[in-house]
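# Architecture at a glance
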Amino acid sequence: MSELSDKVSKSLERIKAYEPSEGYYLAFSGGKDSVVCKALLDMAGVKYDATYRVTSVDPPELVRFIKEKHPDVRREVPRYSQDYHNEKLAGKPITMWNLIPEKLIPPTRVVRYCCTKLKESGGDGRLTVTGVRWAESPARRANQGLVTVTSKRAAKDMLAKDSFFFNKQGGVVLTNDNEDSRRMVEVCYKRHKTTLNPIIEWTDRDVWDFIHCEHIPYCELYDEGMNRLGCIGCPMAGTKGREKEFLRWPQYKENYMLAFERMLKERIWRGKYDSTWRSATARDVFNWWMEYDVMPGQLNLFEDTEEIETE
């Protein structure tokens, strides 16, 4: 427990050290990491406002948990700009169900436009606090630090400091919190998307020990065996993960099917239906998206293997 106490103390020091005059923007998802960050901000006594981005695909239990246990969290609905090129969508809320027809392709592990549009556009011009941790994935360790400045044009003098490096996305990552580095962050966060990750080195065990010790409420879905809460149908959950989600929330599967059907109609309307898409149905798209099968006309390298049941 002493090790966790040290980590808590360090996280509180970081939060106090970087506090901007207007307060932090807490990107609140309702998951275990964000409830920990919210508790730490309260313990540090700093100014902040917590915001939940309405994604249209979060589990209903998670949405209810936020409403009941965190009524102070502001709900923010992402919207298309008023001058958006598609007049039918201009000024309207962005949802997964209109993003798919608009992008003409389902979200995939490689093409993750949904994260950009639904989650990551909040907090621009603010120093944003997130619950990103290295323990979540190797990619997080490679691309995230204590502070991450997401900009390909980030100030070059940041890289003159030994504590900074470029990540794969072209952003600048701060690996420590010395005084010189903090001054650089103060220069950059007004101009670039800048995030503070105060629990970056915490493990899953640290997170749960802190939650239990501080008696912090958490979403009931964790007690049902779910390790991470996120968008229903996210490709990053893999085929088996999405299968479990669609069994639990079948209406979301139907919503995806309807979105795929509208996507195919939009492809025809825009003249974007080549041989791959011309004869495809919403079911074909779903099977391809779930990695059950290839699209009509595509070469199946595994055609001799046993057919996978999709129903």
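Let me begin by describing the structure that accompanies this report.

Here is what the cut-offs are and how they apply
Think of each chain on its own: its residues are numbered from 1, step by step along the sequence as written. Residues qualify for local features only when their pLDDT is at least 70, as the model is predicted, and side-chain atom pairs are given and counted only at 80 or more; totals for whole chains, interfaces and linings, by contrast, use all residues. Derived side-chain values reflect all non-hydrogen atoms in the structure, with water molecules and hydrogen atoms excluded from consideration. Per the convention used, a helix needs a DSSP run of H or I reaching at least four residues, while a strand needs a run of E reaching at least two, with both numbered from the N terminus. Exposure classes here rest on a 1.4 Å probe applied to the protein chains alone. A residue is buried below 20% of its type maximum, exposed above 50%, and partly exposed in between. Per-residue accessibility takes into account occlusion by the displayed protein chains alone, with areas from the Shrake-Rupley method and a 1.4 Å probe. The criterion used for residue contact is that any of the two residues' heavy atoms lie within 4.5 Å. Here, axes are lines fitted to C-alpha atoms. For helices the fit covers the stretch in contact, and angles between N-to-C directions go from 0 to 180 degrees. The cut-offs work like this: below 35 degrees is roughly parallel, past 145 is roughly antiparallel, 65 to 115 is roughly perpendicular, and the gaps in between are oblique. Crossings are sorted by hand: turned counterclockwise from the far helix by less than a right angle, the near helix makes the crossing left-handed, and turned clockwise it makes it right-handed. Gly falls in the polar group here, along with every residue not listed as nonpolar (Ala, Val, Leu, Ile, Met, Phe, Trp, Tyr, Cys, Pro) or charged (Asp, Glu, Lys, Arg). Pairing of aromatic rings covers Phe, Tyr and the six-membered ring of Trp, with a centre-to-centre limit of 6.5 Å; geometry is then stacked below 30 degrees between planes, edge-to-face above 60, and tilted otherwise. Strands were regarded as paired on the criterion that DSSP finds at least two bridges between them. When the strands point away from the viewer, a crossover counts as right-handed if the path from the first strand over the helix to the second runs clockwise. By the criterion applied in these results, polar contacts are pairs of N or O atoms within 3.5 Å in which, for protein atoms, one can donate a hydrogen and the other can accept it, and in which residues neighboring in sequence qualify only through two side-chain atoms. Just to be clear on terms, a salt bridge is a Lys or Arg side-chain nitrogen sitting within 4 Å of an Asp or Glu carboxyl oxygen.

### A look at the overall build of the protein chain
Helices and strands together make up the secondary structure of the protein chain, namely 12 helices and 8 strands. When the 311 residues of the protein chain are sorted by exposure, 49% land in the buried category. If you sum the accessible surface of the protein chain, you get close to 16900 Å²; carbon and sulfur atoms cover 50% of it.

### Some points on the environment of aspartate 204
Looking at the secondary structure, you find aspartate 204 in helix α8 (residues 204–213). Since its relative accessible area comes to 39%, aspartate 204 is described here as partly exposed. Spatially, the C-alpha atoms of aspartate 204 and aspartate 33 are 9.1 Å apart, while their sequence positions differ by 171 residues. Beyond its immediate sequence surroundings of up to four residues, aspartate 204 is in contact with Lys32 and Arg133.

### Thoughts on the packing of helix α4 (residues 96–103) against helix α10 (residues 250–270)
Viewed as axis vectors pointing N to C, α4 and α10 meet at an angle of 30 degrees, and their least axial separation amounts to 7 Å. Relative to α10, the element α4 lies roughly parallel. Here α4 runs over α10; the crossing is right-handed. For the pair formed by α4 and α10, the contact residues are Met96, Trp97, Ile100, Pro101 and Glu102 on the first element and Tyr252, Asn255, Tyr256, Ala259, Phe260, Arg262, Met263, Glu266 and Arg270 on the second. Class assignment of the residues belonging to the contact of α4 with α10 gives a composition of 9 nonpolar, 1 polar and 4 charged.

### Quick notes on the packing of aromatic side chains
The final tally for this structure, using the stated rule, is 15 aromatic pairs. Note on tryptophan 202 and phenylalanine 210: the rings are 5.5 Å apart at their centroids and 75 degrees apart in plane angle, and the pair reads as edge-to-face. Residue classification places tryptophan 202 among the buried residues on the basis of a relative accessible area of 0%. Relative accessible area serves as the criterion here: at 2%, phenylalanine 210 is assigned to the buried category. Where tryptophan 208 meets tyrosine 218, the ring centres are 5.1 Å apart and the plane angle is 85 degrees; that geometry is what we call edge-to-face. Linking tryptophan 208 in helix α8 with tyrosine 218 in the loop between α8 and α9 (238–248), this pair joins segments that are 10 residues apart in sequence.

### A closer look at the pairing of strand β2 (residues 48–53)
Within β2, 5 of the 6 residues are buried, which leaves the element mostly enclosed by the surrounding structure. As defined by bridge partners, strand β1 (residues 24–27) adjoins β2 across 4 bridges and the pair is classed as parallel. Bridge pairing in β2 places leucine 26 opposite alanine 50. Taken together, β1, helix α2 (residues 32–44) and β2 constitute a β-α-β crossover, and its handedness is right-handed. Strand direction decides the pairing type here: β2 and strand β3 (residues 74–76), joined by 3 bridges, are parallel.

### Section: the environment of tyrosine 218
Among the residues examined, tyrosine 218 registers a relative accessible area of 24% and is labelled partly exposed. For the pair tyrosine 218 and tryptophan 208, spaced 10 residues apart in the sequence, the C-alpha separation amounts to 10.0 Å. With sequence-adjacent residues up to four places away left out, tyrosine 218 is seen in contact with Phe65, Trp208, Ile211, His212 and Asp223. Within the structure, the side chain of tyrosine 218 is placed 3.0 Å from the side chain of aspartate 223, a separation counted as a polar contact.

### Remarks on the pattern of salt bridges
Considering all chains together, one arrives at 17 salt bridges under this definition. Measuring nitrogen to oxygen at the nearest pair gives 3.1 Å for the salt bridge that ties arginine 74 to glutamate 76. Arginine 74 sits in the partly exposed class, given a relative accessible area of 42%. A salt bridge links arginine 133 to aspartate 204; the nearest nitrogen and oxygen atoms lie 2.7 Å apart. Within this pair, whereas arginine 133 is found in the loop between β4 (127–129) and α6 (138–143), its partner aspartate 204 is found in helix α8, the two being separated by 71 residues in sequence. Each of the salt bridges in this network shares a partner with another, and the network as a whole consists of Glu3, Lys7 and Asp206.

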